[in-house]
Amino acid sequence: MSFYHNYIGTLSIPTTEKEALLDAKMLSEHHLYLNLIYYLSPAFPQVTPAQVETLSLSSYLYFRFLISLDQLIDSSRFSLDEMRLGFEFYEKAMRGLALLYPERSPFWELFSNLKKSYYATLASEKKGSRQKGEITQASFQETAIGKSSMSFAAVFALECLQDSQANHNLLIDCIKQLHLGLQYIDDIDDFKVDFKEGQWTYPMYLTQEYLKENGLIVQDPILLHKYLYVSGIAQKNMRLAVAHFEKSADLATSAGLPLFVSFLEKQVSKCQFHLQEIENLFLKTQIKSEKSFELVEENSLDSAIQSALAYLEKNINASFEWTDFLTSAGQSTTWTSSYVGMMLAEVNSLHPLLKSVLKRVDSLSSNAFNDSSLADGDTASFIIGFQQASGIDVDPNLITKWHEFMDEDGGWVTYRDQEALRLKLEIPEETSLKGWTSSHACVTAAAAYVLAKIPSLRLDYEISCLHLATLLADKKRWTSYWWTSDIYATAFAMQALSHHPDFKSICEAPALWLIGEQHPSGYWPNPTTNESTAFYTALAIKSLITYDATSFQDSISKGVEWLLAHQTEDGSWQTNRILRIPATDVMDPSTITHWRKSSFGVNCLVDDHNRVFTTSTVLNALHHYSIASCF
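One structure accompanies this document, and this report is about it. Keep in mind that this is a model prediction, so the values were computed, not measured.

1. Points about the sheet that holds strand β7 (residues 604–607)
Here comes step 1: Strand order in the open sheet made by the three strands is β5-β7-β6, with mixed pairing throughout. The strands lining the two open edges of the sheet, one partner per strand, are β5 (577–581) and β6 (596–597).

In structure tokens form, the structure reads like this:
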């Protein structure tokens, strides 16, 4: 890609424009067209590296020109600056091609024919969007191949330089199969945008046919997009895309193109990952639909505790795991099981389920969100807290691994192994991981909460407490990174520091801040969604009980009354989006102006759909309220 960076460096344009042209996200999206010539070049050993580089730049710049042309045709996305640069790119591309191919080279006639095919396909597609008629799979594929015509120029260009067509049919078919797969995926990804801009695509046609068959009339793009998935059309087309990518990879293997094969295998993996996300989302929807929304009438403290216990007992899977929080990594198993186990063990360390859950957690040895994720500091904290609360000796090997997440200053990080994290998430080198690999108050507070109960780790506890005290300084609360409210970090920090005679006094200001955050109805809200939330209410109650139950008994009792009044008939409490997942380069989540309500991706808000995370937290708080001497 250096050829493109070098070229942009020669342009007499403002620095801001150059930075935009070198935007990492955009270049990642253009990866194929930046590298297509390189991917194909091993099949043409007589073509020199210099020729490959010149052709690569010309090929990519012509592709950028076509994007500008498409924007001109589609006036809703027209940009004058983009058009100006588009013509600059076109002229540079033509000059580069002229250096490689004399005027009488057969390349020019082949190139001209491809352009005719490309423009004819565009005209046909525009006509189809106006008429909104039937689109068969065969006509869709014909259009997709026509739109990929200009990519065939890469094969013709290399053949003309080597003066050989030995692998012509194989390479052309390889590119056809690739673009068929890409078109299936692009039409799914761009469904809402295409609808808004009046385009008519294959999945759009199939979705409308599905609605007709079911007697439905839908014009709302968001609802139409949901039907794309509910109908199974998106999933079917993704599987077709996988088949085309796999066929393309087989052909690339036959042609001896290892880098191209690697690229194609990644496309297969992305599709399969997306299909798994869809399956998980349907499972999440099913789980949520089975929960109760009817509130218990005339609830009591003892009854609420027993019902919550019964809910946790009922909602554990056959592998003795509690699951919750669906994200791009899948559902949480180990992290959730360890947290819920710790909460339950603090209520009753002899509960018959705990031994089996702990055995399951220990057997995985992943210390991670789930068994397909990387080890993280939070999960390690909760596993150790689970072991300690269960009354068993904490595993020394696990403590050694846990210490890997502790900084010298007493802060605790979520992820330590940056190289493994970058590889796992496929994050480019230019994207920072600092947000996920730096210490945060919420992670540190949870670790200190666990450390407070392990005498053998007193020094670690002291250092972590000092770090929390330093973070608070003259502020009123600790800030959360992974959670939608600062109540999480503040509640765990208060509980940790309240066990230390030298640090307990600094909790007064945070305690008063908590009181100020309480709603007149008794609950503590989720500030990101502006909803009442049992999770933050329970955390606030327990932290106030731990710090000074007597002084704050009115607020505590009011919060407990609200919890008792909002338990549902199945023993759980309704949940909302309490977990947030900033992008890896975000250090301060408050800088994100828009959080998506989604289980997938980053800068999104996630709910504990299975309600076990929230219910175990409430159960724990109610238990501590029941045994507090002042109530």
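2. So, the environment of Asn237
Here comes step 1: When you line up the elements, Asn237 lands in helix α14 (residues 233–254).
Here comes step 2: Asn237 sits 50 residues away from Asp187 along the chain, and the two C-alpha atoms are 9.5 Å apart.
Here comes step 3: Contact partners of Asn237, with chain neighbours within four places excluded, come to Tyr184, Ile188, Tyr202, Pro203 and Leu206.

3. Some details on the layout of surface pockets
Empty pockets left among the atoms are what a rolling probe the size of a water molecule brings to light.
Here comes step 1: Size it by volume and the second largest pocket reaches roughly 480 Å³.
Here comes step 2: Surrounding the second largest pocket, 25 residues form its lining, Trp478, Thr479, Ser480, Asp486 and Arg580 being those nearest its centre.
Here comes step 3: Broken down by secondary-structure element, the contributors of at least two residues to the lining of the second largest pocket are α24 (458–472), α25 (486–497) and α26 (508–517).

4. A closer look at the nonpolar core
Here comes step 1: By size, the foremost hydrophobic cluster in this structure holds 116 residues, and its most contacted members are Tyr339, Trp483 and Tyr488.
Here comes step 2: Leave out the neighbours within four places in its chain, and Trp483 touches Phe325, Trp335, Cys442, Tyr488, Phe535, Tyr536, Ile578, Leu579, Arg580 and Phe613.
Here comes step 3: Listed in part, the 88 residues of the second largest apolar core include Ile37, Leu66, Tyr101 and Tyr202.

5. Overview of the side chain of Thr484
Here comes step 1: Structurally, Thr484 is set in the loop between α24 and α25.
Here comes step 2: Setting aside residues no more than four positions away along its own chain, Thr484 makes contact with Asn526, Pro527, Thr528, Tyr536, Arg577, Ile578, Leu579, Arg580 and Leu605.

6. What about the packing of helix α10 (residues 168–189) against α14?
Here comes step 1: Between α10 and α14, the shortest axis-to-axis distance is 8 Å and the interhelical angle comes to 160°. In terms of their interaxial angle, α10 and α14 are classed as roughly antiparallel. Handedness of the crossing formed by α10 with α14: left-handed. Within the contact between the two elements, α10 uses Leu170, Asp173, Cys174, Gln177, Leu178, Leu180, Gly181, Leu182, Tyr184, Ile185 and Ile188 and α14 uses Ala234, Asn237, Met238, Leu240, Ala241, His244, Phe245, Lys247, Ser248, Leu251, Ala252 and Ser254.

7. Notes on unusual backbone geometry
Here comes step 1: With phi around 50°, Lys132 is a residue other than glycine that occupies positive phi space.
Here comes step 2: Structurally, Lys132 is set in the loop between α7 (106–131) and α8 (137–147).
Here comes step 3: Judged by its relative accessible area of 41%, Lys132 is partly exposed.
Here comes step 4: Although it is not a glycine, Asn367 adopts a positive phi angle of roughly 50°.
Here comes step 5: Locating Asn367 in the fold gives a position in the loop between α18 (352–364) and α19 (377–389).

8. Quick look at the packing of helix α4 (residues 31–40) against helix α9 (residues 149–162)
Here comes step 1: At a closest axis distance of 10 Å, the pairing of α4 and α9 adopts a crossing angle of 35°. When the axes of α4 and α9 are compared, the crossing they make is right-handed. On the side of α4, the interface is formed by Tyr33, Leu36, Ile37 and Leu40, while α9 contributes Ser151, Ala154, Val155 and Leu158.
Here comes step 2: Of the residues that constitute the contact of α4 with α9, the class distribution is seven nonpolar, one polar and no charged.

9. Some details on empty space enclosed by the protein
Here comes step 1: Tallied over the full model, the rule gives two cavities of 30 Å³ or more.
Here comes step 2: The space that makes up the largest cavity amounts to roughly 50 Å³.
Here comes step 3: If you go around the largest cavity, the residues you meet are Tyr339, Met343, Tyr449, Phe492, Gln495, Ala538, Leu539, Lys542, Thr617 and Asn620.
Here comes step 4: Listed by contribution, the elements that provide at least two residues to the lining of the largest cavity are α17 (334–347), α25, α27 (534–548) and α29 (612–627).
Here comes step 5: Of all the elements, α27 adds the most residues to the lining of the largest cavity, at three residues.
Here comes step 6: Empty space within the second largest cavity amounts to approximately 30 Å³.
Here comes step 7: Along the walls of the second largest cavity sit Glu125, Lys126, Ser129, Gln199, Trp200 and Thr201, which together make up its complete lining.
Here comes step 8: Residue composition of the lining of the second largest cavity, grouped by class: one nonpolar, three polar and two charged.

Basis of the calculations
Residues numbered from 1 in each chain as written. Predicted model: local features only at pLDDT ≥ 70, side-chain atom pairs only at ≥ 80, totals over all residues. Heavy atoms only, no water. Pairing = 2+ DSSP bridges. Helix = DSSP H or I, 4+ residues; strand = E, 2+ residues; numbered from the N terminus. Contact = heavy atoms within 4.5 Å. 1 Å grid on protein atoms, 1.4 Å probe; cavity = no way out; pocket = protein on both sides within 12 Å on 5 of 7 lines; lining within 4 Å. Points joined across faces, edges and corners; volume = space filled by probe spheres on them. Core = buried A, V, L, I, M, F, W, Y, C linked by side-chain atoms within 4.5 Å. Buried < 20%, exposed > 50% of the residue type's maximum accessible area, 1.4 Å probe, protein only. Axes fitted to C-alpha atoms, helices over the stretch in contact; angles between N-to-C directions. Parallel < 35°, antiparallel > 145°, perpendicular 65-115°, else oblique. Left-handed = near helix turned anticlockwise from the far one by under 90°. Nonpolar A, V, L, I, M, F, W, Y, C, P; charged D, E, K, R; others polar.

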